[in-house]
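Spelled out from the first residue to the last, the chains are:
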Amino acid sequence: MTQTWRHLPAAARPIAAATVEAVEAARAHDVEAVDKAAVELGALDAAQVGLILGTTVRVLLERTHPDGVDGDDVRAVLERCTRTSAAWHPEVDPHVLLILLAGALGVHDDDETAPRPSPETLARHSALLLADLAPGADLTPHLNAALAEIERAQLND
């Protein structure tokens, strides 16, 4: 089934569509399709993409760890995602996955002296992470929950 995302603001629609495409490609272990979707996401507004992908990662972490996420949980997700992704995607970088996990949890201290991964690299690794956190599950409800949370936060600011 193809999601149209018409209910979303115009700026969020291509992000949602490319995210679902990237995650489906990651689940299928299709390197070319993951990379293509990552390029699409990387060409969009980096702040919006980062907010949506990061919030979706956090939503999934919270749903899979209802008693709270601790360091051991983060380490387990990082190790599992790295191991399973490395088996089929040669460019997986555990450091980028860690940046994404820490950022999603709001604990990443942006080191301005270290080179920041490219938007495409962040999008690619987000797809790997989301596929790992929601294997076989429909990503749509999780993405919708993240978008609703972003909307609530923006309305309350």
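Preceding this section is the structure that the text describes.
Residues numbered from 1 in each chain as written. Predicted model: local features only at pLDDT ≥ 70, side-chain atom pairs only at ≥ 80, totals over all residues. Heavy atoms only, no water.

Things to note about the pattern of salt bridges
Scanning the entire structure with this criterion turns up 8 salt bridges. Glutamate 62 is the salt-bridge partner of arginine 58, the closest N and O atoms lying 3.0 Å from each other. One end of the pair, arginine 58, and the other, glutamate 62, are both in helix H3 (residues 46-64), 4 residues apart, so they sit about a helical turn from each other. On the basis of relative accessibility, which here comes to 19%, the residue arginine 58 falls in the buried class. Given the relative accessible area of 39%, glutamate 62 is considered partly exposed. When salt bridges with common partners are traced through the structure, they connect Glu21, Lys36 and Glu40 into a single cluster. (Salt bridge = Lys/Arg side-chain N within 4 Å of Asp/Glu carboxyl O. Helix = DSSP H or I, 4+ residues; strand = E, 2+ residues; numbered from the N terminus. Buried < 20%, exposed > 50% of the residue type's maximum accessible area, 1.4 Å probe, protein only.)

Some details on the packing of H3 against helix H7 (residues 140-156)
Packed helices, taken two at a time, are described by the angle their axes make and the gap between the axes. Between H3 and H7, the shortest axis-to-axis distance is 8 Å and the interhelical angle comes to 115°. When the interaxial angle is binned, H3 and H7 end up roughly perpendicular. The crossing of H3 and H7 is right-handed. Contacts between H3 and H7 involve Leu51, Ile52, Thr55, Thr56, Arg58, Val59, Leu60 and Arg63 from the first element and Pro141, His142, Leu143, Ala145, Ala146, Leu147, Glu149, Ile150 and Gln154 from the second. Taken together, the residues of the contact of H3 with H7 sort by class into 10 nonpolar, 4 polar and 3 charged. (Axes fitted to C-alpha atoms, helices over the stretch in contact; angles between N-to-C directions. Parallel < 35°, antiparallel > 145°, perpendicular 65-115°, else oblique. Left-handed = near helix turned anticlockwise from the far one by under 90°. Contact = heavy atoms within 4.5 Å. Nonpolar A, V, L, I, M, F, W, Y, C, P; charged D, E, K, R; others polar.)

Let's talk about the environment of proline 135
In this structure, proline 135 sits in the loop between helix H6 (119-133) and H7. Given a relative accessible area of 60%, proline 135 falls into the exposed group. Sequence-wise, proline 135 and alanine 26 are 109 residues apart; in three dimensions their C-alpha atoms are separated by 9.8 Å.

Observations concerning the side chain of aspartate 73
Structurally, aspartate 73 can be placed in helix H4 (residues 71-86). No salt bridge is formed by the buried aspartate 73. Its closest oppositely charged neighbour is arginine 80, at 8.5 Å. (Lys, Arg positive; Asp, Glu negative; His and termini not counted.)

Considering the environment of threonine 82
Mapping threonine 82 onto the fold places it in helix H4. What makes threonine 82 buried here is its relative accessible area of 17%. For threonine 82 and alanine 137, which are 55 residues apart along the polypeptide, the C-alpha to C-alpha distance reads 19 Å.

Some words on H3
For H3, spanning 19 residues, the distance from its first C-alpha to its last is 27 Å, which sits close to the expected 27 Å at 1.5 Å a residue. Taken residue by residue, H3 has Val49, Ile52, Leu53, Gly54, Thr55, Thr56, Val57, Arg58, Val59, Leu60 and Leu61 as its buried positions. Where the residues of H3 are buried, they touch helix H1 (13-27), helix H2 (31-42), H4, helix H5 (94-104), H6 and H7. The N-cap of H3, judged by a side-chain oxygen 3.1 Å from the amide nitrogen of alanine 47 a few residues on, is aspartate 45. (Expected span 1.5 Å × (residues − 1). Polar contact = N/O pair within 3.5 Å; in protein donor to acceptor, adjacent residues only side chain to side chain.)

Some details on H5
Turning to H5, its buried residues number three or more, namely Val96, Leu97, Ile99, Leu100, Leu101, Ala102 and Ala104. Buried residues belonging to H5 abut H3, H4 and H6. Just downstream of H5 lies glycine 106, where phi reads positive at about 75°.

A few points about the nonpolar core
Most often, soluble globular proteins keep nonpolar side chains buried together rather than apart. Ranked by internal contacts, the top residues of the largest apolar core, which has 45 residues, are Leu41, Ile52, Val57, Leu101, Leu129, Leu133 and Leu143. Those elements giving two or more residues to this core turn out to be H1, H2, H3, H4, H5, H6 and H7. Among all residues touching leucine 101, those that are not within four sequence positions of it are Val57, Leu61, Val74, Val77, Leu78 and Leu129. (Core = buried A, V, L, I, M, F, W, Y, C linked by side-chain atoms within 4.5 Å.)

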